Amino acid sequence: MTLQQEIVGNATQMAVVSLQPGQTVYCEAGKFLFKTANVTMETRLSGPSGGGGQPQADAGGAGGASGVGGGMGGMLRQAMGTAMQVGQRALAGESLAFQYFTSTGGEGTVGFAGVLPGEMRALELDGTRAWFAEKDAFVAAESTVEFGIAFQGGKTGRSGGEGFVLEKFTGRGTVIIAGAGNFIDLNPADFGGRVDVDTGCVVAFEEGIQYGVQRVGGLNRQGMMNAVFGGEGLSLATLEGNGRVILQSLTIESLANALRKAQGGDKQGPTGGLFSTNAG
């Protein structure tokens, strides 16, 4: 069944999800806001299963001796799969656990939000194309949507910062993402097949879009001027192909720099970019 949800708010949005009886939605730990009393909450390390994200049956159930044998093998495979998922999320710096919400005894309501001031977006997956998103963009999804981690190629990742680790969503159903500032939707095919953007502005893109990183200009006078005084550093993200792309108007780095400046702790100076002395 389709996930009924509404994005509300302006500068800082949240998603209010209406769950039908037995319907399950899951979120990354820390994105939950509120729920009605008839919605159960369960925290698990494992991602949604092929059974729709519902908890697996106890292996020691009424299956008799043969059930126990099969159950033990299933439990081992499940434990190994969970360990791999947790290991991937740990390497990616993601939350180690998911929170699952299921409505019981009638329709229930759950609220979710991102961690930065900005917009949210509900993406509808039809099973034909995956979606990729920046790290920490994921908020919540139907239990029929699979959450995974995609590691970008080494050269691209080291150059692009945010591009090294991407969240990947497959399957069918609704997934809700969040970003900073306002969202901008575009298709590179409408702009000659390619757009170059600040690496921190990429929120999400459809499968089929090629993501890469290129140096800002050459190793010449103008290239160094772009890197030193342009505030973009040495690299830009490139998005090529025909498909949906979502960008954000505010980057985490620019927000952090603005907060430091307001607190009198801005050490970036007039050059920005390459010569920034900010820690971290």
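Per chain, residues are indexed from 1 in the order of the written sequence. Per-residue local features are limited, in this predicted model, to residues with pLDDT of at least 70; the limit for side-chain atom pairs, both in listing and counting, is 80 or more; totals at the level of whole chains, interfaces and linings are taken over all residues. The basis for every side-chain value is the complete set of non-hydrogen atoms in the structure, without hydrogens or water.

> Could you clarify how one ought to interpret the pairing of strand S18 (residues 245-248) in this entry?
Looking down a regular strand, the side chains alternate between one sheet face and the other. Classification of residues uses two cut-offs on accessible area relative to the type maximum, computed with a 1.4 Å probe and protein chains only: under 20% is buried, over 50% is exposed, and between them is partly exposed. Under the DSSP-based scheme used, a helix requires at least four consecutive residues in state H or I and a strand at least two consecutive residues in state E, with every element numbered from the N terminus. Side-chain alternation along S18 places Val245 and Leu247 on one buried face and Ile246 and Gln248 on a second face that is also buried. Strand pairing follows a simple DSSP-based rule, namely that at least 2 bridges must link the two strands. Pairing analysis gives 4 bridges linking strand S13 (residues 183-186) to S18, with the strands arranged antiparallel. Across the sheet, residue Leu186 finds its bridge partner in S18, namely Val245. As defined by bridge partners, strand S15 (residues 202-206) adjoins S18 across 3 bridges and the pair is classed as antiparallel. Bridging from a neighbouring strand, Val202 pairs with Leu247 of S18.

> How should the nonpolar core be read in this particular structure?
Nonpolar side chains tend to gather and get buried jointly when the protein is soluble and globular. Here, nonpolar core means buried Ala, Val, Leu, Ile, Met, Phe, Trp, Tyr and Cys residues that are tied together by side-chain atoms lying within 4.5 Å of each other. Among the nonpolar cores identified, the biggest contains 21 residues, and Tyr26, Phe138, Phe169, Val175 and Ile177 are the most heavily contacted of them. Where this core is concerned, the elements lending two or more residues are strand S6 (98-103), strand S8 (120-126), strand S9 (131-134), strand S10 (138-142), strand S11 (145-151), strand S12 (165-178) and S15. When checking whether two residues touch, look at their non-hydrogen atoms; a contact exists if any pair is within 4.5 Å. The contacts of Phe169, once residues within four sequence positions are left out, are Leu125, Ala130, Trp131, Ala133, Phe138, Val145, Glu146, Phe147, Val175 and Ile177. One finds Leu19, Val25, Val139 and Ala140 within the second-largest nonpolar core, a separate group that totals 15 residues.

> I keep staring at the sheet that holds strand S17 (residues 235-240) and nothing clicks. Help me out?
Strand pairing within a sheet occurs via backbone hydrogen bonds; the two strands may be parallel or antiparallel. With respect to topology, 3 strands assemble into an open sheet ordered S14-S17-S16, the strand pairing being antiparallel. A strand with exactly one partner marks an edge of an open sheet, and here the two such strands are strand S14 (194-197) and strand S16 (210-215). Neighbouring strand axes in the sheet, compared pairwise and without regard to direction, differ in orientation by 30° on average. Looking at chain direction, S16 and S17 are connected through 6 bridges and run antiparallel. Residue pairing across strands places Gly212 opposite Thr238, the latter belonging to S17. For helices, the axis comes from a line fit to the C-alpha atoms of the stretch in contact; other axes are also lines fit to C-alpha atoms, and the angle between any two N-to-C directions lies between 0 and 180 degrees.

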